[in-house]
Amino acid sequence: MQRSNLEAKMATRFPTVFRTSLILIAAATLGSAALIAAPAKTNWLLAFSTTAKGSHVIGNPAAPTKLVEYASYTCGHCAHFEIDDAPQIKNQFVATGKVSFEIRNLVRDPMDLTAAMLARCGGKGRFFGNHRHLMATQAQWANGSMLGKATIALLEAKNIVGFMQGAYTELGLDKIMAQRGVTAAQAKVCLADKAAFNAVIAMTDEATEKLKINSTPTLLVNGKVIEGHDFATIKTHLAP
């Protein structure tokens, strides 16, 4: 933009003062707009996605380091990992966008399957909260002692959906999922979701048959199984 004759004369006589004044005026006039236009920092702990396998990911899906956990909802070590170690991984590594954290299912028993199906209620944005809640309450429902004979008979008859719906009530998972805002009607739909069921079983088959994983939690970093699942060990594989 061409300056007026007056501006040109002022710039010649008082170049420093003139320039300083313009900077101050621009800052006062445009400061608010500049702040609004500044790009916001991405909160990767609020970034959720799913994979083609049907597994769930928290963090930057394009992160250079990819951490995968094969988990079981009736595995005590998995519960301890979720409560004690996973938060440190998320806060120190996932939050930066440099590490993504993916959870895959390795189902060990019918109660585990029931919980795996319920964890998916509400979509990808609800999964990690559901996952943590089911792990945190594991001691309340996972021993199976509350299952009735009729529900067990459904399992023996290979009525898997019927078994899961019975287990949902008898194990107290109805009350546990209600704390996550999942109604009985919503849970019934989730437990009968064929696509989700197929995804959970396919992940389990891949883990046990292809990858030869036989324990949970098992962790992979960029496709390679690592030994151990405590934070002190894991961070050595995640740190740059």
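Along every chain, residues carry numbers that run from 1 in the direction the sequence is written. Local features are withheld for residues below a pLDDT of 70 in this predicted model, meaning they are given only at 70 or higher, and side-chain atom pairs are given and counted only at 80 or more; totals for whole chains, interfaces and linings count all residues. Each side-chain value is derived from all of the structure's non-hydrogen atoms; neither hydrogens nor water enter the calculation.

Draft legend 1. Representation of the overall build of the protein. Secondary structure elements are defined from DSSP: runs of H or I of at least 4 residues count as helices, runs of E of at least 2 residues count as strands, and each element is numbered from the N terminus. Along the backbone of the protein there are twelve helices and six strands. Contact between two residues is taken to exist if any of their heavy atoms lie within 4.5 Å; hydrogens are not considered. Long-range contacts, defined as pairs at least 24 residues apart, comprise 76% of the intrachain contacts of the protein with a sequence gap of at least 6. Per-residue and other accessible areas were derived by the Shrake-Rupley procedure at a 1.4 Å probe size, with only the shown protein chains allowed to occlude residues. Accessible area for the protein stands at about 13300 Å²; split by element, carbon and sulfur atoms hold 59% of it.

Draft legend 2. Spatial organisation of the state of the cysteines. The rule for a disulfide is simple: a pair of cysteine sulfur atoms within 2.5 Å. Taken as a whole and judged by the stated rule, the model has one disulfide. Paired through a disulfide, Cys121 and Cys190 show a sulfur-sulfur distance of 2.1 Å. Separated by 69 residues along the polypeptide, Cys121 in the loop between helix H4 (110–119) and helix H5 (124–136) and Cys190 in helix H10 (residues 184–191) bring together distant segments of the chain. For the residue pair Cys121 and Cys190, the accessibility class agrees, reading buried in each case. The classification of residues rests on relative accessible area computed with a 1.4 Å probe and restricted to protein chains. Under 20% of the type maximum is buried, over 50% is exposed, and intermediate values are partly exposed.

Draft legend 3. Structural view of the pattern of salt bridges. Each reported salt bridge corresponds to a side-chain nitrogen of Lys or Arg within 4 Å of a carboxyl oxygen of Asp or Glu. As enumerated under the stated definition, the model contains four salt bridges in all. A salt bridge links Arg104 to Glu102; its shortest N-O distance comes to 2.7 Å. Assigned by exposure class, Arg104 and Glu102 land together as buried. One network of salt bridges, in which partners are shared, links Glu82, Lys90 and Arg132.

Draft legend 4. The layout of surface pockets, seen in detail. Both site types are read off a 1 Å grid over the protein atoms alone. A 1.4 Å probe that fits but cannot get out defines a cavity, while an open set with protein on both sides within 12 Å along at least five of seven lines defines a pocket; lining residues have an atom within 4 Å of a point. Grid points are joined across faces, edges and corners, and a volume is the space filled by probe spheres set on the points. Each pocket or cavity is described by its volume, and for the largest pocket that value is around 180 Å³. Considering the residues around the largest pocket, the lining is formed by 13 residues, among which His56, Arg120, Gly123, Asp193 and Ala196 are closest to the centre. Think of it as three bins: nonpolar holds Ala, Val, Leu, Ile, Met, Phe, Trp, Tyr, Cys and Pro, charged holds Asp, Glu, Lys and Arg, and polar takes everything else, Gly as well. Classifying every residue of the lining of the largest pocket by side-chain character gives five nonpolar, five polar and three charged. Space inside the second largest pocket adds up to approximately 150 Å³. What lines the second largest pocket is Leu45, Phe48, Ile58, Glu82, Pro87, Lys90, Asn91, Phe128 and Arg132. Of all the elements in the fold, those that place two or more residues in the lining of the second largest pocket are helix H3 (76–94) and H5. Per element, the largest residue contribution to the lining of the second largest pocket is four residues, and it comes from H3. In terms of residue class, the lining of the second largest pocket is made up of five nonpolar, one polar and three charged.

Draft legend 5. Structural detail: the side chain of Ser72. Summarising the element assignment, Ser72 is placed in the loop between strand S3 (65–71) and H3. Owing to a relative accessible area of 0%, Ser72 belongs among the buried residues under this scheme. Think of a polar contact as two N or O atoms within 3.5 Å of one another; within protein, one of them needs to be a possible hydrogen donor and the other a possible acceptor, and neighboring residues in sequence only count if both atoms come from side chains. Side-chain polar atoms of Ser72 contact the side chain of Arg108, separated by 3.1 Å. Apart from residues no more than four positions distant in its own chain, Ser72 is found in contact with Cys78, Leu106, Arg108, Asp112, Met135 and Thr216.

Draft legend 6. Representation of the sheet that holds strand S5 (residues 218–221) within the structure. Two strands make a pair as long as DSSP finds a minimum of two bridges between them. If you walk across this open sheet you meet the six strands as S1-S2-S4-S3-S5-S6, and the pairing is mixed. Only two strands of the sheet have a single partner each, and these edge strands are strand S1 (48–50) and strand S6 (224–226). The mean inter-strand angle of the sheet, taken between neighbouring strand axes irrespective of direction, is 30 degrees. Pairing between S3 and S5: four bridges, direction antiparallel. Looking at S5, one finds that Leu67 is bridged to Val221. Axes, fitted as lines to C-alpha atoms, cover a helix only where it is in contact. Angles between the N-to-C directions of the axes lie from 0 to 180 degrees. Helix-sheet contacts for H3 involve strand S2 (56–58), S3, strand S4 (99–105) and S5, and the interaxial angle to S4 is about 155 degrees.

Draft legend 7. View of the pairing of S4. Of all seven residues that make up S4, seven are buried, and the element is covered over most of its length. The two faces of S4 match: Val99, Phe101, Ile103 and Asn105 on one face and Ser100, Glu102 and Arg104 on the other face are all buried. Relative to S4, S2 is paired through three bridges, and the arrangement is antiparallel. In the strand pairing of S4, Ile58 is matched with Phe101. Pairing between S3 and S4: seven bridges, direction parallel.

Draft legend 8. Region of the structure containing the nonpolar core. Here, nonpolar core refers to any group of buried Ala, Val, Leu, Ile, Met, Phe, Trp, Tyr and Cys residues whose side-chain atoms link them within 4.5 Å. In this structure, Tyr73, Leu134 and Trp141 are the most contacted members of the largest nonpolar core, which totals 51 residues. Leaving out residues up to four positions away in the same chain, Trp141 has contacts with Tyr73, Thr74, Met111, Ala115, Leu134, Met146, Leu171, Leu173 and Ile176. In terms of nonpolar packing, the next biggest core, distinct from the first, is built from six residues, Val68, Tyr70, Ala207 and Leu220 among them.

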